[in-house]
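These are the residues of each chain, in order.
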Amino acid sequence: MKKNNLTGIREIARLANVSIGTVDRVINNRIGVSPETKKNVLAIMKDLDYQPNILARRLASKKLLKFAILIPSFSQETDFWKAPLKGIDLAESEIKQYGITIEKYFFDQNDKNSFIKQSEKILKSNFDGILIAPIFVDESLKFSKSCNLLQIPCVFINSDIPNESRLSYIGPDLFHSGYLGAQLMNYVAEEAGKILIINISKEINNYHHLLRKEDGFRAYFENNNKRNQVIKTDITQTDFNAVSADLTKVLATHGDIKGIFVTNSRVFSVAEFLEKSGNENIALVGYDFLNASIEYLKKGTIDFLVCQQPQEQGYKGIMTLYQNLVLNIPVESTYFMPIDIITKENYLFYRN
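Nothing here was measured: the structure is a model prediction, and the numbers come from that model.

1. Here we look at the sheet that holds strand 5 (residues 168-171)
1) Next: Spatially, 2-1-3-4-5-11 is the arrangement adopted by the six strands of the open sheet, whose pairing is parallel. Of all strands in the sheet, those bounded by a partner on one side alone are strand 2 (100-107) and strand 11 (334-336). In this sheet, adjacent strand axes meet at a mean angle of 15° when their direction is disregarded.
2) Next: Looking at chain direction, strand 5 and strand 11 are connected through three bridges and run parallel. Residue pairing across strands places Ile 170 opposite Tyr 335, the latter belonging to strand 11.
3) Next: Sitting on the sheet, helix 7 (residues 137-149) touches strand 1 (65-72), strand 3 (129-132) and strand 4 (154-157), and the angle it makes with strand 3 is about 165°.
4) Next: Where helix 13 (residues 310-325) meets the sheet, it contacts strand 1, strand 2, strand 3, strand 4, strand 5 and strand 11, and its direction lies at approximately 160° from that of strand 3.

Following this line, the structure appears as structure tokens:
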């Protein structure tokens, strides 16, 4: 049976009752497929006389493909972006044999000007696809529109830009992530006490993904008629001394705070403050599987961490560009990552 590659992969996926991505993993001998599924897919490929010729096509074309990534650099303050980068490196190791190279551009997540400079460098080069973390809304929107004019497909990870044209978004549903954070808070905070939302960022006004989590968090308490009063503070200096000074003032003004929800990975700074100030009885919920936060989770200072598989976001982002530009496979325009709940009881078994 003769079929072109696209039809063949679709037919194999249909007959095996698996996704196109699973078939692609089998074809390229990648991990993540059970032995039974792999055996079934290979049997169907044999029945269809399917001959993968991706490498041959790439070699015959003699055209190198260049992908760019534009994500925040990791720092002493937070090493969150190590995880997406690890996923990107893993994907790169799997697709480089097909004549694909990846150039990495990093910006300071506390400085939108660094994002602008890096995005301008990318636009001056000849890239075939771009993976971007669109943290700064206006700047990311301008960059994305420029890419669209140049017909360069873009994949967003970690946060999305509403109503903006892109090839795909891979990351959390930010509103529901915040909604879940409120549910977790409801389990551990005393009823009728005040709940404090903390946004910690030098660029609060540009961090739409933090504000979407805040919207979801508030919606839970409003929709469920909870008696807790939800208040918030924005901390625009991210070092521990600044966080400590701000929270000292807030607790002095609001003595009945029963829970704190931190909208990003800097929850460990709040945990350190609560421990040093003797306020460990205040419930604390935040984000991301960072070593600093895990230490406070183990001690019970942090009650829950919400995680959204950042390593898989980076990996899947690159593979989405590969599937679109090399395999010519349709990709999902929106792929929401699972929202994982990490506690001191299960953190040892969590893989990012």
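So, next bit.
2. As for helix 9 (residues 208-223)
1) Next: Along its 16 residues, helix 9 runs 22 Å from first to last C-alpha, staying within 8% of the 22 Å computed at 1.5 Å per residue.
2) Next: Buried within helix 9 we find His 208, His 209, Leu 210, Lys 213, Glu 214, Gly 216, Phe 217, Ala 219, Tyr 220 and Phe 221.
3) Next: Contacts made by the buried residues of helix 9 are with helix 7, helix 8 (174-188), strand 6 (194-200), strand 7 (230-235), strand 8 (257-262) and strand 9 (283-287).
4) Next: A positive phi of about 55° marks Asn 225, the residue just after helix 9.

3. Things to note about the pairing of strand 6
1) Next: When you tally the buried positions in strand 6, you get seven out of seven residues, the bulk of the element.
2) Next: Taken together, the five bridges between strand 6 and strand 8 define a ladder with parallel strand orientation. Looking at the pairing, Ile 197 lines up with Phe 261 of strand 8.
3) Next: Inspection of the sheet shows strand 6 paired to strand 7 by six bridges, in the parallel sense. Counted as the bridge partner of Ile 198 is Thr 233 from strand 7.

The rules behind these values
Numbers given for residues are sequential positions, taken from 1 along each chain in its written order. Side-chain atom pairs in this predicted model are given and counted only at pLDDT of 80 or more, local residue features only at pLDDT of at least 70, and totals for whole chains, interfaces and linings cover all residues. Each side-chain value is worked out from all heavy atoms of the structure, with water and hydrogens disregarded. A pair of strands is considered paired only if DSSP assigns at least 2 bridges between the two. Helix and strand definitions here come from DSSP, where helices need a minimum of 4 consecutive H or I residues and strands a minimum of 2 consecutive E residues; each element is numbered from the N-terminal end. Geometry is summarised by axes, namely lines fitted to C-alpha atoms with helices restricted to the contacting stretch, and by angles between N-to-C directions that run from 0 to 180 degrees. When checking whether two residues touch, look at their non-hydrogen atoms; a contact exists if any pair is within 4.5 Å. By this rule the span expected of a helix is its residue count minus one, scaled by 1.5 Å. Between buried and exposed lies partly exposed: a residue is buried under 20% and exposed over 50% of the maximum accessible area for its type, with that area taken using a 1.4 Å probe on protein chains only.

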